[in-house]
Amino acid sequence: MAASGKVSALRLPPLPTIREIIKLFRLQAVKQLSQNFLLDLRLTDKIVRKAGNLTNAYVYEVGPGPGGITRSILNANVAELLVVEKDTRFIPGLQMLSDAAPGKLKIVHGDVLTFMIEKSFPASLKTPWEDDPPNVHIIGNLPFSVSTPLIIKWLENISNRNGPFAYGRTQMTLTFQKEVAEVDVGVVHFTPLIQPKIEQPFKLVEKVVQNVFQFRRKYCHRGLGMLFPEARRLESTGKLLELADIDPTLRPTQLSILHFRSLCDIYRKMCDEDQQLFGYNFREELKQRRDKQKKEEKESYGLEMPL
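Residues numbered from 1 in each chain as written. Predicted model: local features only at pLDDT ≥ 70, side-chain atom pairs only at ≥ 80, totals over all residues. Heavy atoms only, no water.

As recorded in an unreviewed UniProt entry, the chain goes by rRNA adenine N(6)-methyltransferase and comes from Heterocephalus glaber. The Subcellular location (unreviewed entry) field of the UniProt record for the chain holds the comment "Mitochondrion". In the Sequence similarities (unreviewed entry) part of its UniProt record, the chain is described as follows: "Belongs to the class I-like SAM-binding methyltransferase superfamily. rRNA adenine N(6)-methyltransferase family. KsgA subfamily." (UniProt positions renumbered as here; feature names shortened; annotations may be inferred.)

So, on to the UniProt feature "binding site: S-adenosyl-L-methionine" (unreviewed entry) in the chain. Annotation from UniProt places "binding site: S-adenosyl-L-methionine" (unreviewed entry) at N36, L38, G63, E85, D111 and N141. Looking at the secondary structure, you find G63 in the loop between β1 (58–62) and α3 (68–74). Classification of G63 by relative accessible area gives partly exposed; the value is 34%. If we ignore the near neighbours within four places in the chain, the residues touching G63 are V84, E85, V112 and N141. Within the fold, D111 resides in the loop between β3 (105–109) and β4 (136–142). Ignoring sequence-local partners within four residues, the contact set of D111 consists of V84 and K86. A polar side-chain atom of D111 sits 2.9 Å from the main-chain amide nitrogen of L113. (Helix = DSSP H or I, 4+ residues; strand = E, 2+ residues; numbered from the N terminus. Buried < 20%, exposed > 50% of the residue type's maximum accessible area, 1.4 Å probe, protein only. Contact = heavy atoms within 4.5 Å. Polar contact = N/O pair within 3.5 Å; in protein donor to acceptor, adjacent residues only side chain to side chain.)

A word on the layout of surface pockets. When its volume is computed, the largest pocket comes out at roughly 1,100 Å³. Along the walls of the largest pocket sit 28 residues, with L155, I158, I198, F202 and V205 positioned nearest its centre. Contributing elements (two or more residues each) for the lining of the largest pocket: α5 (144–160), α6 (202–213) and α9 (257–273). (1 Å grid on protein atoms, 1.4 Å probe; cavity = no way out; pocket = protein on both sides within 12 Å on 5 of 7 lines; lining within 4 Å. Points joined across faces, edges and corners; volume = space filled by probe spheres on them.)

The pairing of strand β2 (residues 80–85) with β3 spans five bridges and is classified as parallel. Among the inter-strand pairings, V84 is bridged to a residue of β3, identified as V108. Taken together, β2, helix α4 (residues 91–100) and β3 form a β-α-β motif whose crossover is right-handed. (Pairing = 2+ DSSP bridges. Right-handed = clockwise from strand over helix to strand, strands pointing away.)

With that settled, consider the pattern of salt bridges. Here the structure, examined in full by the defined rule, presents 11 salt bridges. With its nearest N and O atoms 3.6 Å apart, the salt bridge here joins D111 to K86. Residue D111 is found in the loop between β3 and β4, and its partner K86 is found in the loop between β2 and α4; the two are separated by 25 residues along the sequence. Judged by relative accessible area, D111 falls into the partly exposed class, the value being 22%. Ionic pairing is found between R268 and D272, a salt bridge with its closest N-O pair at 3.4 Å. Taken together, the residues span about one helical turn, with R268 and D272 both in helix α9 at a distance of four residues. Overall, D272 belongs to the partly exposed group, its relative accessible area being 46%. The network of salt bridges with common partners includes E156, K203 and E206. (Salt bridge = Lys/Arg side-chain N within 4 Å of Asp/Glu carboxyl O.)

Per-residue pLDDT for the chain averages 87, and the proportion of residues at 70 or more is 85%. The model gives residues 1–7 a pLDDT under 50, and that stretch makes 15 contacts with residues more than four places away or in other chains. (pLDDT = per-residue confidence, 0-100.)

Pairs of packed helices are described in terms of their axes, by the angle between the two and the distance that separates them. Orientation of helix α8 (residues 233–244) relative to α9, taken along the N-to-C sense of each, is 130°, at an axis distance of 9 Å. Looking at the two axes, α8 sits oblique to α9. Considering only the axes of α8 and α9, their crossing is right-handed. Two secondary-structure elements touch here, α8 through S236, K239, L240, L241, L243 and A244 and α9 through S262, L263, I266, Y267, M270 and E273. Split into classes, the residues belonging to the contact of α8 with α9 amount to eight nonpolar, two polar and two charged. (Axes fitted to C-alpha atoms, helices over the stretch in contact; angles between N-to-C directions. Parallel < 35°, antiparallel > 145°, perpendicular 65-115°, else oblique. Left-handed = near helix turned anticlockwise from the far one by under 90°. Nonpolar A, V, L, I, M, F, W, Y, C, P; charged D, E, K, R; others polar.)

Right, let's get into the packing of aromatic side chains. The tally for this structure, following the rule as stated, stands at five aromatic pairs. For the ring pair Y58 and F121, a centre distance of 5.6 Å and an interplane angle of 65° mean the geometry is edge-to-face. You can see Y58 sitting in strand β1 and its partner F121 sitting in the loop between β3 and β4, a full 63 residues away along the chain. Judged by its relative accessible area of 0%, Y58 is buried. By relative accessible area, F121 is classed as buried at 5%. With a centroid separation of 6.1 Å and 15° between ring planes, the pair formed by F213 and F260 is classed as stacked. Here F213, found in helix α6, pairs with F260, found in helix α9; they are 47 residues apart in sequence, far enough to count as distant. Residue class for F213 comes out partly exposed when judged on its relative accessible area of 25%. What links up through ring pairs into an aromatic cluster is the set Y58, F121 and Y167. (Phe/Tyr/Trp six-rings, centres within 6.5 Å; stacked < 30°, edge-to-face > 60°.)

Here's what the structure looks like:
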């Protein structure tokens, strides 16, 4: 179907409710995967409206589950809906929706963390990065088990302008749920910026942020210190904080985007001066030190064994 073609209005025919689908296929939310089903069509309609006008849009839904949000997207008069679902239990219910909306719904049994979407929609949808967002949307109800790695993956995609963002500044409307026993849902709408707040490679920014927040209740200098080998950790951490003009007693949650930009810029300069610095991993150094200690203990114990 051409991207510019007009799409006739669609209303799904009478179907079993999501609650009935769950009962019909004996579905249960898996607590270990932080799954939670959205059963109220009024709620899923409200979530989908947060994405804006989806008429004639191409939508990529991640983790559709039993299909609550899927129904609301189809009722929003989209041109095409692509869903990627890893859990085989949900495929029959989704197929029922596909049969009720011929040509509208494409089901992929796969993992959203590895699925390649770049060629799933017409190339004519692509827009220059500096222009308005394309008529492509990502919508998803994300359980805690996948939300963090998926968001990090998409942030890297945005940086490289590939994946879902090969089409341009693709908008995302995502729900984040609390634990299975609770039903509070937070809906967040994202639009990628034309220009990033921190103009450094994604992997460098990710490394700085991860190190800072691994000790989120400590002063920021503690996590930043893990960017440097132990032999010069104190000196290099002090240099980083001084050049970035940051109080070492600030906690990670007190650091602003400007703070992180300064940290990343200075850390980049330090990496340029020391080509081996960026590849340093404090966990590897710690493991090597422990392995060496164990070896020395074994050798010492062996020498003390009677003949």
